[in-house]
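# Descriptive structure summary
Residues per chain are reported as follows:
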Amino acid sequence: MDFRLSEEHEALRESVRDFAREAVAPVIAEHYERHTFPYEIVRQMGKMGLFGLPFPEEHGGMGGDYFALCLALEELARVDSSVAITLEAAVSLGAMPIFRFGTDEQQARWLPKLLSGEALAGFGLTEPGTGSDAGGTQTRAVLDGDEWVINGSKAFITNSGTDITALVTVTAVTGTNPDGSKELSTIIVPSGTPGFTVAPGYSKVGWNASDTHELTFDDCRVPAGNLLGERGRGFAQFLRILDEGRIAIAALAVGLAQGCVDESLKYAKERQAFGQPIGNYQAIQFKIADMELKAHTARLAYHDAAARMLAGEPFKRQAAIAKLHASTVAVDNAREATQIHGGYGFMNEYPVARFWRDSKILEIGEGTSEVQRMIIARDLGL
Ligand SMILES: Cc1cc2nc3c(=O)[nH]c(=O)nc-3n(C[C@H](O)[C@H](O)[C@H](O)COP(=O)(O)OP(=O)(O)OC[C@H]3O[C@@H](n4cnc5c(N)ncnc54)[C@H](O)[C@@H]3O)c2cc1C
């Protein structure tokens, strides 16, 4: 059993860490404050190859693995989660469905742009009326000659409305299964298709420099060839994408939790109270020790899930455990880091305020904590 990173993974971790500190940290607070999308950072991440990390070179990827993506996400989120979720959604929700399920033609058309970061893709599963219960999908797609006609709407879709968004993959009801359940399929809808409307960005509690929109489809027509993978396989496809995505979200949550430790350590050494640095008080030391403990155990959980996935073993339960634990830990650490910063922790100019605002969504997105518990219990045979 060896818990150390390989040389390649360690080198990647260090280069992303340097990038986050040197290129992200100085500019991100302003993007966050103004709710602007960090195009320049995305361009630089594209140049570094981050969008292509877990994909083979033949598609324009870096030939790395999913664990490499997770390490990059952890290091980015240690500084900022809007940037990290932009990368996470672009790779594991945007490009991955096309890589896993796309035809040669779909891959040749979309992957080079997506893997270079020149373009982004969104993943449209959630709807205004249904999220956890994806079987409640209302969006419909009807085959009319050689075109799909799509009607419906999607809610909270990440990376769906940037200037460089090329497409969204949309889950839609395309018929009825023999057992009477809905037949779900996934369809590629390129940006700018008539009938496809992107609403203005949401006003969010956190992730303010990331891009999230409601989408509507009103007699939106796309070629029949835009079906992604087999008709009727939509349910199985998004379950696979979300299982993997949970490991990535866990990595992102660990990064936020570790960022809280970084900032708290710094502050505890500087801030004086009652004649000495607050870090001299055991109450503060114990808080920071507990935060480190939580970040560390959550990291082990996502490393375990990623190792199982890469070994081709079942990993659903471990991914759910990692996501559930890491998101809980992120919220805990953000709360304690804010506490350690006292009144300054409530001021937006301090990174911990951003960490606090960004932590809560981790218990909701890509499957709520309740859904993770349902997955774990089901996998245990309940
Ligand atoms: C900023 C942001 C970005 C997002 N990006 C994307 C994206 O790119 N693509 C995408 O498709 N979606 C995206 N989402 C949607 C996200 O995945 C959903 O919000 C999430 O899955 C929860 O669904 P919901 O909001 O409909 O909540 P609901 O499913 O309505 O749940 C409400 C509450 O009920 C609980 N609940 C539901 N069912 C049960 C049950 N059986 N037992 C116990 N409790 C239950 C839930 O845990 C939750 O606490 C994003 C959301 C946000 C906020």
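Quick note: structure is the one above.
First, a word on scope: everything that follows refers to the structure included in this document. (Residues numbered from 1 in each chain as written. Predicted model: local features only at pLDDT ≥ 70, side-chain atom pairs only at ≥ 80, totals over all residues. Heavy atoms only, no water.)

A few words now on the site of the ligand. Taken together, 19 residues lie near the ligand, and T126, S132, F156, T368 and E370 sit nearest. Here an oxygen atom of the ligand and a backbone polar atom of L125 are 3.0 Å apart. A distance of 3.4 Å is found between an oxygen atom of the ligand and a backbone nitrogen or oxygen belonging to E366. At a threshold of 2 Å from the grid points, most atoms of the ligand map onto the largest pocket. At the level of elements, β3 (147-158) and α10 (369-379) are the ones that each hand at least two residues to the shell around the ligand. Here the element with the most residues in the shell around the ligand is β3; it accounts for 3 residues. (Near = heavy atom within 4 Å. Polar contact = N/O pair within 3.5 Å; in protein donor to acceptor, adjacent residues only side chain to side chain. 1 Å grid on protein atoms, 1.4 Å probe; cavity = no way out; pocket = protein on both sides within 12 Å on 5 of 7 lines; lining within 4 Å. Sits in = over half its atoms within 2 Å of the grid points. Helix = DSSP H or I, 4+ residues; strand = E, 2+ residues; numbered from the N terminus.)

This paragraph deals with the side chain of S369. The residue S369 is located in helix α10 in this model. Beyond its immediate stretch of four places on either side in the chain, S369 contacts L324, S327 and E363. (Contact = heavy atoms within 4.5 Å.)

Among the surface-exposed residues, E10, E14, D18 and E22 lie close enough to one another that they form a single negatively charged patch. Tracing the chain through its elements places D18 in helix α1 (residues 7-34). Note on D18: relative accessible area 39%, which makes it partly exposed. (Patch = residues over 30% accessible without salt bridge, like charges linked within 9 Å, V, L, I, M, F, W, Y side chains within 5 Å. Areas by Shrake-Rupley, 256 points an atom, 1.4 Å probe, with all protein chains shown as cover. Salt bridge = Lys/Arg side-chain N within 4 Å of Asp/Glu carboxyl O. Lys, Arg positive; Asp, Glu negative; His and termini not counted. Charge placed at Lys NZ, Arg CZ, Asp CG, Glu CD. Buried < 20%, exposed > 50% of the residue type's maximum accessible area, 1.4 Å probe, protein only.)

Bringing the packing of aromatic side chains into the picture now. Each aromatic ring pair is specified by the distance between its two centres and by the angle formed by the two planes. Going through the model one piece at a time under the given rule, you end up with 9 aromatic pairs. Arranged with centres 6.3 Å apart and planes meeting at 50°, the rings of F67 and Y302 form a pair that is tilted. With F67 in helix α3 (residues 66-77) and Y302 in helix α7 (residues 282-310), the pair connects residues that are 235 residues apart, well separated along the chain. Relative accessible area serves as the criterion here: at 11%, F67 is assigned to the buried category. Taken together, a centroid distance of 5.3 Å and an interplanar angle of 40° make the contact between F156 and Y202 tilted. With a gap of 46 residues between them, F156 in strand β3 and Y202 in the loop between β6 (196-198) and β7 (212-223) connect regions that are remote in the sequence. Judged by its relative accessible area of 26%, Y202 is partly exposed. (Phe/Tyr/Trp six-rings, centres within 6.5 Å; stacked < 30°, edge-to-face > 60°.)

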